[in-house]
Amino acid sequence: MFRFQKDQKIANIAGVKIGGNPGELPTALAGTIFYEGHDIVGDANEGLFDRKIAEDLLNSQRASSDETGNPCLVHIFGNTEQALRNYIDFVSEITDSPFLIDSPDPLARMAATEYVSEIGLGDRAVYNSINMTIGEKERQVLKDSDIDSSIVLGFNAMDSGFKGRMQLLESGTSSMDKGLIDIALECGMCNILIDPGITPMGNGSGVSLRITLTAKAKWGLPVGSGIHNAPSSWEWLRDKKKHDPLVFKMCDIASAVMQQAAAGNFVLYGPIENAPYIFPVAAMSDIMIYESVEEFEIEPASSHPFNRLV
Amino acid sequence: MDTVSEKWPVTKGDFSAGNTKSCIAVVTLASSMPLFEKAAIWGSCKTENLGAEKVVMNVVSNCNIRYVLLCGGESRGHLAGQTLKALYENGIDEDGRILGSEGAIPFIENLEIETIQRFRQQVELIDRIGLTDLDEICSIVDNYHDSEKPFEAFPVSFRKAVRKYQAPESIGADIVISEKVVMDAFSGLIYEIA
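Thresholds, definitions, all that
- Residues numbered from 1 in each chain as written.
- Chains lettered and ligands numbered in written order.
- Predicted model: local features only at pLDDT ≥ 70, side-chain atom pairs only at ≥ 80, totals over all residues.
- Heavy atoms only, no water.
- Helix = DSSP H or I, 4+ residues; strand = E, 2+ residues; numbered from the N terminus.
- Rg over C-alpha atoms; globule rule 2.2 N^0.38 Å.
- Buried < 20%, exposed > 50% of the residue type's maximum accessible area, 1.4 Å probe, protein only.
- Pairing = 2+ DSSP bridges.
- Right-handed = clockwise from strand over helix to strand, strands pointing away.
- Core = buried A, V, L, I, M, F, W, Y, C linked by side-chain atoms within 4.5 Å.
- Contact = heavy atoms within 4.5 Å.
- Axes fitted to C-alpha atoms, helices over the stretch in contact; angles between N-to-C directions.
- 1 Å grid on protein atoms, 1.4 Å probe; cavity = no way out; pocket = protein on both sides within 12 Å on 5 of 7 lines; lining within 4 Å.
- Points joined across faces, edges and corners; volume = space filled by probe spheres on them.
- Domains from an automatic or database assignment.
- Buried area = accessible area lost by both parts, 1.4 Å probe.
- Salt bridge = Lys/Arg side-chain N within 4 Å of Asp/Glu carboxyl O.
- Polar contact = N/O pair within 3.5 Å; in protein donor to acceptor, adjacent residues only side chain to side chain.
- Nonpolar A, V, L, I, M, F, W, Y, C, P; charged D, E, K, R; others polar.
- Parallel < 35°, antiparallel > 145°, perpendicular 65-115°, else oblique.
- Left-handed = near helix turned anticlockwise from the far one by under 90°.

Participant: Looking at this model, I keep getting lost on the overall build of chain B. Mind explaining?
Facilitator: A count of helices and strands for chain B gives four helices and eight strands. Tracing chain B from N to C terminus, the helices and strands come up as β-β-β-α-β-α-α-β-α-β-β-β. For 194 residues, the compact-globule formula gives about 16 Å, and the C-alpha radius of gyration of chain B, at 21 Å, lies well above that figure. Along the first, second and third principal axes, the C-alpha set of chain B runs to 75 × 40 × 30 Å. Among the 194 residues that make up chain B, the fraction classed as buried is 48%.

Participant: I keep staring at the pairing of strand S10 (residues 149-153) of chain A and nothing clicks. Help me out?
Facilitator: Looking along a regular strand, one sees side chains alternate from face to face of the sheet. Residues and elements named next belong to chain A. For S10, the tally of buried residues reaches five of five residues, placing the bulk of the element in the interior. Of the two faces of S10, the one carrying Ser149, Ile151 and Leu153 and the one carrying Ser150 and Val152 are both buried. Here two bridges tie strand S9 (residues 125-130) to S10, and the two strands are oriented parallel to one another. The residue of S10 that forms the bridge with Ile130 is Val152. A crossover connection joins S9 to the parallel S10 through helix H4 (residues 136-144); in handedness this β-α-β unit is right-handed. Bridge analysis of S10 against strand S11 (residues 191-195) gives five bridges, and the strand direction is parallel. What sits directly across from Ile151, in S11, is Leu193.

Participant: For this particular structure, what's the right way to read the nonpolar core?
Facilitator: Nonpolar side chains tend to gather and get buried jointly when the protein is soluble and globular. Counting residues in hydrophobic clusters, the biggest one holds 69 residues, and the most contacted among them are Ile33, Phe34, Ile76, Ile88, Phe99, Ile101 and Ile130 of chain A. No other element matches helix H2 (residues 81-94) of chain A, which puts six residues into this core. Setting aside residues up to four positions removed in sequence, Ile88 of chain A forms contacts with Ile76, Phe99, Ile101, Ala112, Val116, Ile119 and Leu121 of chain A. The next biggest cluster of nonpolar side chains, apart from the first, holds 30 residues, and it includes Ala25, Ile41, Leu84 and Leu125 of chain B.

Participant: For this particular structure, what's the right way to read the sheet that holds strand S1 (residues 15-17) of chain B?
Facilitator: Think of a sheet as strands paired side by side through backbone hydrogen bonds, with each pair either parallel or antiparallel. Residues and elements named next belong to chain B. Strand order in the open sheet made by the five strands is S1-S3-S2-S4-S5, with mixed pairing throughout. Whereas interior strands pair on both sides, the edge strands pair on one side only; in this sheet they are S1 and strand S5 (124-127). Neighbour-to-neighbour, the strand axes of the sheet open up by a mean angle of 15°, direction not taken into account. Here strand S2 (residues 24-27) pairs with strand S4 (residues 67-70) via four bridges, running parallel. Bridged to Ala25 within S4 is Val68.

Participant: How should the layout of surface pockets be read in this particular structure?
Facilitator: Remark: the empty space left among the atoms is shown by a probe the size of a water molecule rolled over them. Roughly 220 Å³ of volume is contained in the second largest pocket. Taken together, the elements giving at least two residues each to the lining of the second largest pocket come down to strand S3 (16-19) and helix H1 (51-68) of chain A.

Participant: Even after reading the chapter, I still don't get the environment of Val310 of chain A, so can you show me in this structure?
Facilitator: All names here are of chain A. One can find Val310 in the segment after helix H12 (305-309). Taking the C-alpha atoms as reference points, Val310 and Met284, separated by 26 residues in sequence, lie 9.9 Å from one another. Leave out the neighbours within four places in its chain, and Val310 touches Ile287 and Pro305.

Participant: How do you make sense of the domain arrangement of chain B when you look at a structure like this?
Facilitator: Often, the extent of an interface is quoted as the loss of accessible area upon association of its parts. Partitioning chain B into domains gives domain 1 (15-145) and domain 2 (162-193). The gap between the C-alpha centroids of domain 1 of chain B and domain 2 of chain B is 43 Å.

Participant: Explain the interface of chain B and chain A here, please?
Facilitator: Taken residue by residue, the interface counts 28 residues in chain B and 34 residues in chain A. Across the chain B to chain A interface the summed buried area is about 2,600 Å²; carbon plus sulfur atoms make up 57%. Taken together, the links from chain B to chain A amount to two salt bridges. At the junction of chain B and chain A, the tally comes to seven residue pairs in polar contact (both at pLDDT 80 or more). At the level of secondary structure, the elements contributing two or more residues to the side of chain B that touches chain A comprise helix H1 (50-60) and strand S6 (175-176) of chain B. Taken together, the residues of the side of chain B that touches chain A sort by class into 13 nonpolar, six polar and nine charged. Summarising the sheet, strand S1 (residues 3-4) of chain A and S6 of chain B pair through two bridges and their orientation is antiparallel.

Participant: It is not clear to me how the packing of helix H10 (residues 245-261) of chain A against helix H11 (residues 275-293) of chain A should be interpreted in this structure. Could you clarify?
Facilitator: Relative placement of two packed helices is described by the angle separating their axes and the distance separating the axes. Residues and elements named next belong to chain A. Running from amino to carboxyl end, H10 crosses H11 at an angle of 30°, the nearest separation of the two axes being 10 Å. Classified by the angle between their axes, H10 and H11 sit roughly parallel to one another. Between H10 and H11 lies a crossing of right-handed hand. On H11, the residues touching Lys249, Ile253, Ala256, Val257, Gln260 and Ala261 of H10 are Tyr277, Ile278, Val281, Ala282, Ser285, Asp286 and Ile289. Considered class by class, the residues forming the contact of H10 with H11 number nine nonpolar, two polar and two charged.

Participant: How do you make sense of the sheet that holds S1 of chain A when you look at a structure like this?
Facilitator: An order of S1(A)-S6(B)-S7(B)-S8(B) is seen for the four strands of this open sheet, with the pairing classed as antiparallel. One side of each edge strand has no neighbouring strand; the edge strands of this open sheet are S1 of chain A together with strand S8 (189-192) of chain B. In terms of strand pairing, S6 of chain B meets strand S7 (residues 181-184) of chain B through two bridges, oriented antiparallel. Residue pairing across strands places Val176 of chain B opposite Val182 of chain B, the latter belonging to S7 of chain B.

Participant: What should I look at first to understand the packing of H1 of chain A against H11 of chain A in this one?
Facilitator: Residues and elements named next belong to chain A. Where H1 contacts H11, the axes come no closer than 9 Å and their chain directions differ by 20°. Judged on the interaxial angle alone, H11 and H1 are roughly parallel. Of the two possible hands of crossing, H1 and H11 adopt the one that is right-handed. Taking contact as the criterion, the partners of Ser60, Gln61, Ser64, Ser65 and Thr68 in H1 are, on H11, Ala275, Pro276, Phe279, Pro280 and Ala283. Split into classes, the residues belonging to the contact of H1 with H11 amount to five nonpolar, five polar and no charged.

Participant: Looking at this structure, how should I read the environment of Pro305 of chain A?
Facilitator: Residues and elements named next belong to chain A. Tracing the backbone shows Pro305 in helix H12. When the C-alpha atoms of Pro305 and Thr68 are compared, they prove to be 5.4 Å apart, with 237 residues separating the residues in sequence. Each residue touching Pro305, except ones within four places of it in the same chain, is listed here: Pro26, Thr68, Asn70, Ala283, Asp286, Ile287 and Val310.

Here is the structure:
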């Protein structure tokens, strides 16, 4: 469809490459495990879970990734320091994929950051996320850590429109001394993954798509999002789900295609159970996108679904 | 005088309207519970920004609502319940930050400070965060649903804000679509070059 004039940077996170022009690298896909309400979790504060099912889920994502060529990451969600420690120990033992450290509690995120540095897994971890609420302490913890990859979240709660989010990334809000990209660089992040932030349907869900194009044109950084959060919070669709769960699932998974078509490089696709469905969908998009830019002399990576599946 | 805005609830979400003349709104936070029709509105609020905004909008657009019951399990990390309490007790600063909220990103973006003030004046907050016993919640609704007269003011009405597009002063191509067609990503313009 198109290519960017600006050189596109490629992040390399423990061997997983993310970024580039459309058609170049396969879209990286991150499935979430231990998420809020995940039925394999017994005690969310202690981080107790069904290890057998968790292992099966991680292996299933890996098998899907091996089949299509789309690299996978594991998006670990935890509420507490203890839970995150348990989850990280387990995930790093079962798979060699990079993993995202995500918690709504900054103290838990910071403690997990220190923990992965301590146990030598800093190069496999992706901090999720550097966002508008980052404070001095969090910055210092990141600076002192071995983590050099982070999601930079563009959601601006003071101005969630296109300009507000771009401004947050570039120069920050009125209460910040600089933009989030500069903060990420200052914190030692070599692999910056921009996530424009997904808001619900009716609250600007599509803004992120335009920011994806703009951020890549402006900075050449890898961009992606958890776009499935838009349909999954859509009341109309949730109502449909009561009658036909497949309708919900189709919309949830299909939303990834929107992010890919807008030049996205990675998709946080939500529940890891969806791996067997999302990987073929993403591979299909990657192939079609590549074939749309073939004449631009874009070379698809050897692992690209185009080189594996057609 | 009309006490309820037309087409109330004015904003949609994971909640349902009950009796619009009822004095009490029930916010079940992260819990999902079946509607008790004696409440004016009943449903969840999981986020400390857009979720909190929706609660405020649906309350100030219905003057009959004089009580907001916070109950159900707190939404982890987002702390929507604690945030609504902070909003009620302290309001917001000039940047829209909810003062005293411990939620992750506690900002009000789409409401005026006057609307927040109105919310704080119109209702009394009943803090029962953590309460999930449906019978007890219904009994609180029973006690309050017809206990107060409507707030003496017009219901606040809302219009969807539309951000105006400003054409950029200069346009430069940064996305190539074909030999002669390029796109300026910032403005979203696709155009043909000479």
